[in-house]
Amino acid sequence: MAFATLLILTGTLGVPAHAAPAPAAGPAVEESVSRQVRAKLRLEKTHPVKVSVRRGDSDSGAFGTAVVPGGTELPQGWLFLYSDGRTALEGDPDFAKLATKVPSLSDDEKRVFTSRSAPDYRTGMRLPFALGQSWYLTGGPHTMAGGPRSSIDLAGGDGRVLAARGGLAYTMCNSGKGWLRVVHDNGFSTDYYHLEGNIAADGKALAEGDFLGNIGNDVSCGGRSSGKHVHFALRRDGAYTPIDHYAFGKWVIRASGSDYDGYALHGSTRRDAGQTIQNHGVLGPRQGIVDTDGGTALNRRSGPGTSNPVAGTVADGETVDIVCSAPGTEHAGRDGYRSSMWDKLADGTWVSDVYLWTGTGEPVAGYC
Ligand SMILES: [Zn+2]
């Protein structure tokens with residue numbers, strides 16, 4: 001319809017019939033983006049790259065997705081920005097710069113595309129399904145497409161895959177099927193692959209827990225799937241990052257052995273790949289999960305150190321709110337993590353920081 005209107009308008013304005021047609025906008029963008037992707041992955045010149053220009057053109061600047069289909073392997077893909085003959089993919093140094101130059105981006109996109117992650121393991125994310133449900137960790141940490149072990153596989157419950165955190169959603173495959181990426185406001189993005197019945201999205205703003213699609217066997221962009229599941233991958237500052245040590249739904253994901261091995265920890269409760277994990281929701285940035293590395297209850301003290309009287313206990317796996325931190329007696333926790341930092345809890349009692357998983361060894365709420 002818009003095209004027809006445009007024809008009538010140009011007729012009315014009397015554009016000379018012999019005017020040379022403007023160079024087609026698409027090919028210039030596609031050529032530049034394809035070249036950039038091939039250079040990044042060191043692929044040969046003829047390797048297929050599927051470029052989908054979602055908005056704009058080579059004159060005004062463009063935005064879209066670029067995917068290297070995976071065949072039997074999983075695909076790789078990026079959001080791209082193009083302006084004045086230059087292409088930047090997510091994770092490229094110029095990506096944030098070009099985000100300010102492409103006019104078809106929304107203010108929200110400019111904001112999230114320029115956000116950077118903090119140097120710790122806090123994600124602010126739940127597991128990507130309903131709170132309280134228990135799903136199978138059908139695959140522990142494994143690679144997305146030859147990169148780091150950025151991903152886990154999940155299946156079970158009602159099969160409804162939900163956003164792990166709020167953000168802006170994009171379909172990645174040209175078909176619009178199977179693969180969604182949600183770009184968050186904290187430097188992280190999450191990928192959801194093999195979905196069936198997924199939402200259509202080009203920058204759609206989502207809240208934590210919004211519906212993305214159902215677990216499935218979709219391989220629109222490549223890969224293999226035997227048995228409905230979601231392949232859930234973590235990206236940090238525009239690139240896949242090892243998911244080891246990051247927490248979702250208050251489960252700390254741990255890699256071990258080969259691809260698809262590994263386990264998840266909720267406090268001292270361990271669930272191996274093949275077992276179920278319950279979604280306990282987001283761990284707040286000033287919260288900790290009690291992890292005594294054995295499951296015993298943790299003594300709360302009236303001050304920061306074991307010389308202070310015991311003022312109660314808190315169970316392994318419980319979530320605590322941290323008010324501030326201070327130096328105290330030194331202790332050793334899981335993996336030999338040693339620290340003399342103690343955390344003051346919301347009820348005024350204190351616990352050693354080595355028995356709390358917060359995602360960082362730094363004070364999460366500042367020093368007292
Ligand atoms: Zn997977």
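Read on for an overview of the structure. (Residues numbered from 1 in each chain as written. Predicted model: local features only at pLDDT ≥ 70, side-chain atom pairs only at ≥ 80, totals over all residues.)

## Some details on the overall build of the chain
Logical step 1: From N to C terminus, the chain includes 4 helices and 26 strands.
Logical step 2: Considering only C-alpha atoms, the chain reaches an extent of 90 × 45 × 35 Å along its principal axes.
Logical step 3: Residue burial in the chain is summarised as follows: out of 368 residues, 45% are buried.
Logical step 4: The contacts in the chain between residues at least 6 apart in sequence include a share of 59% that link residues at least 24 apart. (Helix = DSSP H or I, 4+ residues; strand = E, 2+ residues; numbered from the N terminus. Buried ≥ 20, exposed ≤ 12 C-beta atoms within 10 Å, placed from the backbone. Contact = placed C-beta atoms within 7 Å.)

## Some remarks on the sheet that holds strand β1 (residues 50-57)
Logical step 1: Ordered in space as β1-β2-β3-β4, the 4 strands form an open sheet in which the pairing is antiparallel. Edge positions in the sheet fall to β1 and β4 (86-89), since each of these pairs with one other strand and no more. Between one strand axis and the next, the sheet turns by 20° as a mean value, whatever way the strands run.
Logical step 2: Pairing of strand β2 (residues 61-68) with strand β3 (residues 76-83), which is carried by 7 bridges, proceeds in the antiparallel orientation. Bridge pairing in β3 places F63 opposite L81. (Pairing = 2+ DSSP bridges. Axes fitted to C-alpha atoms, helices over the stretch in contact; angles between N-to-C directions.)

## Digging into unusual backbone geometry
Logical step 1: The phi torsion at D293 lies on the positive side, around 55°, for a residue other than glycine.
Logical step 2: Of the residues examined, D293 has 17 C-beta atoms within 10 Å and is grouped as partly exposed.
Logical step 3: Unusually for a residue other than glycine, D335 sits at a positive phi of about 60°.
Logical step 4: D335 gets classed as exposed once you count the C-beta atoms within 10 Å, which come to 9.

## What to know about the sheet that holds strand β15 (residues 247-248)
Logical step 1: With antiparallel pairing, 4 strands are arranged side by side in an open sheet as β15-β16-β17-β18. Each edge of the sheet is formed by a strand with only one pairing partner; in this case those strands are β15 and β18 (269-272).

## Thoughts on the pairing of strand β23 (residues 319-332)
Each regular strand shows side chains that alternate between the opposite faces of the sheet.
Logical step 1: Pairing of strand β20 (residues 287-290) with β23, which is carried by 3 bridges, proceeds in the antiparallel orientation. Across the sheet, residue G288 finds its bridge partner in β23, namely V320.
Logical step 2: Of the pairings in the sheet, the one linking β23 to strand β24 (residues 338-345) comprises 7 bridges and is antiparallel in character. Within β24, the position partnered with I322 by the bridge is L345.
Logical step 3: In this structure, the hairpin formed by β23 and β24 is closed by a connection of 5 residues, where D335 is found at a positive phi of approximately 60°.

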